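Fold and contact review
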Amino acid sequence: MLKSFKRWMGSGGNSGLTQSELLEEIRKHPIPEHIGIIMDGNGRWAKKRGLIRTAGHAAGMKRVRDIIRAADEIGIKVLTFYSFSTENWKRPKEEVDYLMKLPVKFLKTDLQELIDRNAKVQILGEKEKTPSFTQKALEEFEDKTKNNTGLIINFAINYGSRDEILRAIHHIIDDVKKGNIDKDDINEELMNRYLLTCGLPDPDLIIRTSGEIRISNFLLWQLAYSELFFTDTLWPDFTDILFYEAINDFQHRSRRYGAV
Ligand code: FPP
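Keep in mind that what you see is a predicted model, and the values were worked out from it rather than measured.

1. Here we look at the nonpolar core
With 48 residues, the main nonpolar core has L79, F81 and F243 as its most contacted residues. If sequence neighbours within four positions are ignored, L79 has contacts with I35, I37, I67, I68, A71, L151, I152, I153, N154 and F243. Counting ten residues, the second-largest nonpolar core is a separate cluster that includes I38, L124, A156 and I215.

Written as structure tokens, this is what we have:
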């Protein structure tokens, strides 16, 4: 039955397997270490229901919780949620204001559960340029979970991958000028150390919801060998079963890293 999965465009929820059957299937294969998620389709989800766009973001936040639980259940090591891009500031002010309040809400509702799960929250992106109440919530997440050793949850907020790469280049040049490193030391491994994902494995799998087939400035350096999974499902409809199906699809791909 699993062979009927579409390889490129995930069809979403039609494997016919129950959650426990899927879990059993997934546990037979290596679990991806790092999954990146481009959560897209909140606005369309709300529009379909005659709701305002921010209602879609509220529903999307609940999915973040579900997917964290589902990932933790199967021992994924790193989850990276693309939550707010450097381009998202161009949205209407009311929507940006709402999105900036989400970390504060999430802190109130979910911090304790994340602590109980031994999860460690990290922020990728320039949180210093978010409103002070957002920054405070993000710092509290990081601070209260910094010694945890379980699932690493990255929220990419005010994040753009080109910006991340440019900053890394500037830091490398500074360090060459200061004599901290030699120009000949610059290689992929060194570059990895200057990126915001320093110390983390590259994403094995990138999932994008809502039918858009693009990467939108997300982890451009890190995804060189990631498997990509695109599904028509809108983010607020992306259940744990669909998440497990995406993982199972990934587990049936052949990763060759350029070799034969
Ligand atoms: C894209 O959908 C989604 C976003 C820009 C925001 C995603 C954020 C969350 C789901 C919540 C994150 C939670 C925390 C705690 C940080 P869209 O609005 O572009 O959808 P559309 O393409 O249908 O308009």
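2. Looking at the UniProt feature "active site" (unreviewed entry) in the protein chain
When the UniProt feature table is mapped onto this chain numbering, "active site" (unreviewed entry) sits at D40 and N88. These annotated residues cover 49 residues of sequence, and their C-alpha atoms all fall within 12.2 Å of one another, placing them together at a single site. Lining residues of the largest pocket drawn from the annotated set just named are D40 and N88. Relative accessible area serves as the criterion here: at 16%, D40 is assigned to the buried category. If we ignore the near neighbours within four places in the chain, the residues touching D40 are R208, T209, S210, E212, L234 and W235. Only 3.1 Å separates the side chain of D40 from the side chain of S210, close enough to count as a polar contact. Of the residues examined, N88 reaches a relative accessible area of 16% and is grouped as buried. Only 2.8 Å separates the side chain of N88 from the backbone nitrogen of S85, close enough to count as a polar contact.

3. Some points on the pattern of salt bridges
A complete count under the given rule lists 25 salt bridges for this structure. Ionic pairing is found between K129 and E126, a salt bridge with its closest N-O pair at 3.4 Å. The exposure class assigned to K129 is exposed, which follows from its relative accessible area of 55%. Between D163 and R167 there is a salt bridge, with its nearest N and O atoms 3.0 Å apart. Residue D163 and its partner R167 are located together in helix α6 (residues 161-177), separated by four residues, close to a single helical turn. Connected through salt bridges with shared partners, the residues D40, R44, R208, E212 and R214 form a single ionic network.

Basis of the calculations
- Residues numbered from 1 in each chain as written.
- Predicted model: local features only at pLDDT ≥ 70, side-chain atom pairs only at ≥ 80, totals over all residues.
- Heavy atoms only, no water.
- Core = buried A, V, L, I, M, F, W, Y, C linked by side-chain atoms within 4.5 Å.
- Buried < 20%, exposed > 50% of the residue type's maximum accessible area, 1.4 Å probe, protein only.
- Contact = heavy atoms within 4.5 Å.
- UniProt positions renumbered as here; feature names shortened; annotations may be inferred.
- 1 Å grid on protein atoms, 1.4 Å probe; cavity = no way out; pocket = protein on both sides within 12 Å on 5 of 7 lines; lining within 4 Å.
- Polar contact = N/O pair within 3.5 Å; in protein donor to acceptor, adjacent residues only side chain to side chain.
- Salt bridge = Lys/Arg side-chain N within 4 Å of Asp/Glu carboxyl O.
- Helix = DSSP H or I, 4+ residues; strand = E, 2+ residues; numbered from the N terminus.

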